[in-house]
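Structure at a glance
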Amino acid sequence: MLRSSIKSLVQIQSRYVRHLHGNGSKLLNRLLLREPDSGFLKNVSKTIKLNVNPSQAKNYRYIHGGLERTTPTEDSVDKSLHRIDLEIRRTGRINRREIEEMLEDIRQLNSVTSNQSLMIIRCCGELVPEETFENRTKLVQEVWKTMENLKVPMDISHYNALLRVYLENEHKFNPSEFLEQLSVKGLEPNRVTYQRLIARFCQDGDIDGASTILQHMKEKQLPINLHVFNALILGHGQGGDMESAEGIIGVMKQAGLEPNDDTYVAMMRGYAKKGDFENIRRIVQECEQKEIYLVDRDFLEVIFTLAVSNNENLVKEVLPLLKRHSGFNQEASNVIIRLVTIGKEETALELLLQMPRAMKLDKVAPSGNFFIRQLVASNTPSSKVLKICHQMITQDIHKHAVLRACEFALDLKQFEKAFDFFEALKESGFPIRQHYFWPFFASSRSEKDVYDGLKCMTYMEISPTVETLRDYIIPALLGIQTTASSSIDFILEKLSNYSRIPSSTIVPAALQYILQTGKLEVAAAYALKYRIKFNHIGIRRALVDAYLKSGDAKAFVQIVGSTGIEGDDSPREAMGMLLTDLLENSRDSKKVPLLMPILNECLKNGVGLSNSSLEWIQNKLGEELTPDVSNIIIQLTSGDLSLNTSLYSSPPRSLVAFDEKSIPELEELLKVSTDLGKSTKGIKKALLIDYCRERQLEKAEAMYEELKSENFVFTSGIYALLMDLYSRENNLEKSREFYQNLGSRDFFILDDLKLLRYALLLMNNDQVDECIKLLKSQARDEKRIPQGAHQLSLVWNILNVVAEKGDVDKVKELFTILKERGLTNVNNVVLGPLVKSYLVKDDLDGALKEFEFCVNEYGVTPWKSELFCRFIKSDDADRLQKVMDLSTKQHGEVNSLYDLVFAFLECGKIRQAKKILETPGLRARNEKLEYTCQHYLEDGKIAELEKLIEITNGIFNVDRNSMYFFLLKAYCKQGDANKALSVWTSLQEENVQPSEELLLYLAKFLRENDLEVPFVVPEVKATATKTKPTETNPPTSEKKNRFSTQSLGYTDSSQLHKYLENNDLDKALELQQRLESLGKSFNVTDLSQLILKMTKAERLGEAMRLTEQMLQNGLHPTPSVLKTFVSKVAFSGEIETLVRLDSLLTTDLKRLVMLNSRLCTAYSKMGKGKDYFENYIKSRFTTNEKEALSANELIPVSAASYILRHNSELLPEFEELAASASDSKNGQSLYNVMWMYHLINKDFSKAREIMESHLKTSEEMLKFNSVVVEAKLNKDEELAKELGNQLLPLTTVFPAGKGIIVSSIIEVLCETGKATEGLEFLNSQLNKTVQLTDIYFSTLRILKTKLEESNVSFPHMLPAKTRDYRKGKKNESSSSSGSDSD
């Protein structure tokens, strides 16, 4: 079917409104049937005017789920630039349309920053390969002109970026005039400027001109580097003088520079221009001998040069040199696009055939969508496009090439080509679907355009659906400027009469559209004229969304009161349904402010609530359910709608207890109480506790003596605090004294941190045996899970004291005690001293053996870097390989290779480190690179940092800005201004966009050293400034909130609430940090609310800092806030933040926030699905089953299913992993994933095979929710029934799970007009596989409605409906979902 073969065409609507402009066309002219009758309406009823202007209507044709065009803001420009940057990193190219849209936004704002303008200029060259050189040059000149008109301050980096773009576009310009222009602007050229001017001369083979620039560089004592020599070689090649080009290499060596890969590529391109393949082959062999690695990108450039020089006949000679390593397809795609742009389509097709293709369902997946798109977008005639498409079909490259050409023609406004492709499709016998016509309606400029589109649909025997009416036809008609008499009634009646679409279809579609505009008042007036049923969820959702946007409760109630649903007392039922929908869809934590205006309006207007909604609303409100709210709800459901004015007053605020006061307040209170002769023991006790916690030793000792003299009875808790105080003050005698006081008490449980601090004190004072006895015998809360960085640090220090002495046995004994007593988790940090104890004695064999034990037993690699370095320094290749193999087993090859690179750098082995980075297909691991750069910066290893930056140049997707920022900080730390400024120049040389943070940091440093800043300094936006975390120690979990804002008379908590209510987040953060600097903290609830506000404001960095501090101190945000934060982070693609959370959250918290699924979401958002597979699915098979269970390392089924469906080439690896562990839980989970995958892809025989062989008798919970969603979403009757055929007979699927399956089949049948068959199916399953109560209430209601529409009665009584019905069924049936599902 055409629909299945062009599934992605359905998505086309989200890209049209801005880019399509309706035109008359030959196809439309051929299909015109008749003009709409303009005089057929008589006695038009009273009309309403829809107050929506055409631009608004156009916006609402932006389509559900699509991008809506809104007024640009500075933040939106930043976000768009960030999105473009991510796209460049992902694919190496962007679309011209994105730049033009960005330019339009900037013009509307009439503002753009210097750094933003630099980014946009850089995007106008080879990053837009779809455009011709001329169009790219026009684009950058338009950008430049806009920046000049806006008077954007520009420095030499902007001109260097412009030079780079001119070079990439082969634009002819006069370098001398360019230098004069710089002189007029008062800008001094730097080495990058001269390098690019030399490259400009060399592009034309003008060596004399290049020599002139070289002379300028010598006069200014600027270094002549590899970039200059490589440009000269290219220049000689352009001039056909390869002898001189060869001679340049000798000159380079005389200058102390070694030719690199770019040098030899320039040589090969010179010979390619001449058509000399023998010399190309010679250079390749020479590079192999010299161990200079040439990558696919280099050979692709040679192929492009051959094509440009009309030497296409030699392309087939170069193709065998391609290695097709990881990333090849991306590089080849960009070159293919460039080839099509210059009219070399046949060479492009030849190169397309070289691209490895993905497998899908054991078949080769289609390839070349980007190629077809470029053919359509370029000046290639339709006949030639069709010819190439047929070649692609014949050669089995893409069986649906013509269909894709049709899609792209519509997307690119190439309507004439689209009509040619329509004809070709029709001749092939493919049906034309209605979504083909959405672009026409979306681009309609007149009423005639709309009706022409409808005529086409009529000719094709296609009837518009509600979706087409709501999102395209009605918005188009209402958005077009018509006569004053053209009311909404007139327009819709005309539409109904002309198109013969029943009003029962048009009216609800129109109401949904009006509600989408947010005009609730207009919608209410419209609803008064028609009785619209609320059974359809689309209308309910639109009404709820409109209320959430407008807050117009009066109109909301009017709409509900004037409409209804099937059944008696319909307004009451409708209001109950809508309020439950409202509470479910609202993201606000406070529900009552949303609900109360509606409830009050209901009382005024006499609209009640259904009894079935009463209990659910009360449960949903929970703690927010005040007596006032409860009273109103009871009135609305009881039928007595008279307003009850009795109010319930809030309970009076209790007095502040001692533990809510600060130390100064307590001291003042003690003084007053003493003067008044009141009892002061309670105050003194509170002060003693606070003095201990705040480590105010002298005051604590004085207060202890004072209480002791008053015969105060000290509790065990106070003794523990005093013991801990002296432990932290390194006073063993006093700490031991108070510990012994504790020992005299009956079975006192000491908390872990105090126990470990006392144990460390003993260790530091050489009391090893006493420490061991303490750790063995001291009672603790055995249920407590070790948490926080502080506890981990204490454990490490205890072990490290013994490890430093090389006492292996004692380290092992202590480790065993700590582990068995539950005082520590087992990880890299804790296991480090075990390996270290051997290395201290230079026992490398013992260290390696212990390391291997840690890898095999615990799945971690402690002290790996130190082992790498030891074996590198001793040239011990065998043991080095052993460590590498163990690391690869645990962390994968790529991560281990990077660790080896860092080790070689540490040991000064630069050549070896670089050679590893030249491993084919090796890509960036930015988190590891940043961690290492930070390490080098902190340790002052500037040489290593410089070398790391040097050898990582050219690796795909490395964040060069970040690495250079670390280098800049290192130079500034040294006080070396020249080197600091060289960072800015190097960024220009590499064509890397410097971040605003980097420029601000450099500018500040230069100004502090009284040096001129040679670039435009970005403005600091106060609202965007992120508060940096303080360097003080985070508060402990035992600390309480006792500081107040005295000037306002509020407690800090009250002040925080005030700031949060006013959305003054900066002041809230300042308050939090003031307390933090004093070692204080808010309580969990207050911190959670602060984190929630930060999350909603998309200030995720600050929210993460607060969350991290809480987790490190054994606390965590409230569950709802934590889930909201993690979800927001995931949908923002913040992978590294989630990885940090993974190391901080407990197993239960990970399950609560569905961390596995959120990680999957983040990786998918960033286009890194394969990385997720490596890190979170494949890695699960490196541990045994028992460890996997204990470490929560089970396969996340829903996440794995999503990854496989979007990366089908991973199927062989899934199969291999599942086969290797078929009897384990993880193996069964993978079979579950593959079973769902095959079902969704309609390979039912394969799915049945997996079911029979691996899942049918499995004790593991079977998950199938993805299949249910897919079947319902696509109304796929075949898929739904196949799911039922396989699962309904199984006894291992719970009744509630079977209810989900039966419900989905019935819903799909109803949606496809087969309600009668749905009833037959229900009857066949009742009392056989399910009971009526197992079926979703909404499903039964849909079935009943559909049957009654067909005059068929529903023979069953609907079960009582409860709002948590689905929730209960979901919890009961583990068959449909799991803890990792979203």
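Residues numbered from 1 in each chain as written. Predicted model: local features only at pLDDT ≥ 70, side-chain atom pairs only at ≥ 80, totals over all residues. Heavy atoms only, no water.

**Details of the overall build of the chain**
The helix and strand tally for the chain stands at 75 helices and 4 strands. The buried share among the 1382 residues of the chain stands at 52%. Accessible area of the chain: about 63,400 Å², with a carbon and sulfur share of 48%. (Helix = DSSP H or I, 4+ residues; strand = E, 2+ residues; numbered from the N terminus. Buried < 20%, exposed > 50% of the residue type's maximum accessible area, 1.4 Å probe, protein only. Areas by Shrake-Rupley, 256 points an atom, 1.4 Å probe, with all protein chains shown as cover.)

**Brief notes about the packing of helix 38 (residues 697–709) against helix 39 (residues 716–728)**
At a minimum axis distance of 11 Å, the contact between helix 38 and helix 39 shows a crossing angle of 145°. Seen from above, helix 38 lies across helix 39 with left-handed handedness. Only Y719, L722, L725 and Y726 of helix 39 make contact with helix 38, whose side of the interface consists of L697, A700, E701 and Y704. When the residues that make up the contact of helix 38 with helix 39 are grouped by side-chain class, the tally is 7 nonpolar, no polar and 1 charged. (Axes fitted to C-alpha atoms, helices over the stretch in contact; angles between N-to-C directions. Left-handed = near helix turned anticlockwise from the far one by under 90°. Contact = heavy atoms within 4.5 Å. Nonpolar A, V, L, I, M, F, W, Y, C, P; charged D, E, K, R; others polar.)

**What about the side chain of E601?**
Within the fold, E601 resides in helix 33 (residues 592–605). Discounting residues that sit within four places of it in the chain, E601 has contacts with A553, K554 and V557.

**Comments concerning the environment of R281**
The residue R281 is located in helix 15 (residues 277–289) in this model. A C-alpha to C-alpha distance of 8.7 Å links R281 and V318, two positions 37 residues apart in sequence.

**Side note on helix 52 (residues 942–951)**
By the burial criterion, the buried members of helix 52 are I942, E944, L945, L948, I949 and I951. The inward-facing, buried residues of helix 52 abut helix 49 (893–906), helix 50 (910–917), helix 51 (926–938) and helix 53 (960–974).

**With respect to the confidence of the model for the chain**
Taken over all residues, the pLDDT of the chain has a mean of 78, while the share at 70 or more is 84%. Across residues 1022–1050, confidence stays below pLDDT 50; counting only partners more than four residues off in sequence or on other chains, it has 67 contacts. Ignoring residues within four places in sequence, the model shows residues 1183–1192, a span with pLDDT below 50, making 16 contacts including any to other chains. (pLDDT = per-residue confidence, 0-100.)

**Focus: the packing of aromatic side chains**
All told, the structure shown has 19 aromatic pairs when counted by the stated rule. Relative to F178, the ring of F173 lies with its centre 5.9 Å away and its plane at 55°, an arrangement referred to as tilted. Each residue in the set Y704, F712, F714, Y719, Y726 and F738 is aromatic and connected to the rest through ring pairs, giving one cluster. It is R338 that lies over the ring of F304; its NZ or CZ is 4.0 Å from the centre. (Phe/Tyr/Trp six-rings, centres within 6.5 Å; stacked < 30°, edge-to-face > 60°. Lys NZ or Arg CZ within 6 Å of the ring centre and 35° of its normal.)

**Here we look at unusual backbone geometry**
One can expect most non-glycine residues to show negative phi and most peptide bonds to be in trans. Even without being glycine, N711 reaches a positive phi, approximately 60°. Considering the arrangement of structural elements, one finds N711 in the loop between helix 38 and helix 39. Among the residues examined, N711 registers a relative accessible area of 66% and is labelled exposed. A positive phi angle, near 55°, is found at W863, a position not held by glycine. Here W863 shows up in the loop between helix 46 (844–858) and helix 47 (864–873). Judged by its relative accessible area of 30%, W863 falls in the partly exposed class.

**Section: the side chain of S1088**
By the element assignment, S1088 lies in helix 58 (residues 1084–1096). In this structure the side chain of S1088 is engaged in a polar contact, spanning 2.7 Å, whose partner is the backbone oxygen of V1084. Separated by 2.9 Å, the side chain of S1088 and the backbone nitrogen of T1118 make a polar contact. Setting aside residues no more than four positions away along its own chain, S1088 makes contact with P1117, T1118 and V1121. (Polar contact = N/O pair within 3.5 Å; in protein donor to acceptor, adjacent residues only side chain to side chain.)

**Considerations on the environment of S504**
Looking at where S504 falls in the secondary structure, it is placed in helix 28 (residues 503–516). For S504, a relative accessible area of 58% puts it in the exposed group. A C-alpha to C-alpha distance of 9.7 Å links S504 and Y530, two positions 26 residues apart in sequence.

**What about the packing of helix 19 (residues 345–352) against helix 21 (residues 382–394)?**
Direction vectors running N to C along helix 19 and helix 21 enclose 20°, while the axes themselves pass 12 Å from each other. Comparing their axes, helix 21 and helix 19 come out roughly parallel. With respect to the hand of their crossing, helix 19 and helix 21 are arranged in right-handed fashion. Residues E345, E346, L349 and L352 of helix 19 touch helix 21, and the partners they reach there are K384, I388, Q391 and M392. A class-by-class count of the residues in the contact of helix 19 with helix 21 yields 4 nonpolar, 1 polar and 3 charged. (Parallel < 35°, antiparallel > 145°, perpendicular 65-115°, else oblique.)

**Notes on the pattern of salt bridges**
This model, assessed by the stated rule, comprises 57 salt bridges. Between E407 and R404 there is a salt bridge, with the nearest N and O atoms lying 3.6 Å from each other. One end of the pair, E407, and the other, R404, are both in helix 22 (residues 401–411), 3 residues apart, so they sit about a helical turn from each other. For the pair shown, E407 and R404 are each scored as buried. In this structure, the salt-bridge partner of E850 is K812, at a minimum N-O distance of 3.3 Å. Of this pair, E850 sits in helix 46 while K812 sits in helix 44 (residues 808–820), and the two are 38 residues apart along the sequence. Accessibility expressed as a relative area gives 6% for E850, which makes it buried. (Salt bridge = Lys/Arg side-chain N within 4 Å of Asp/Glu carboxyl O.)

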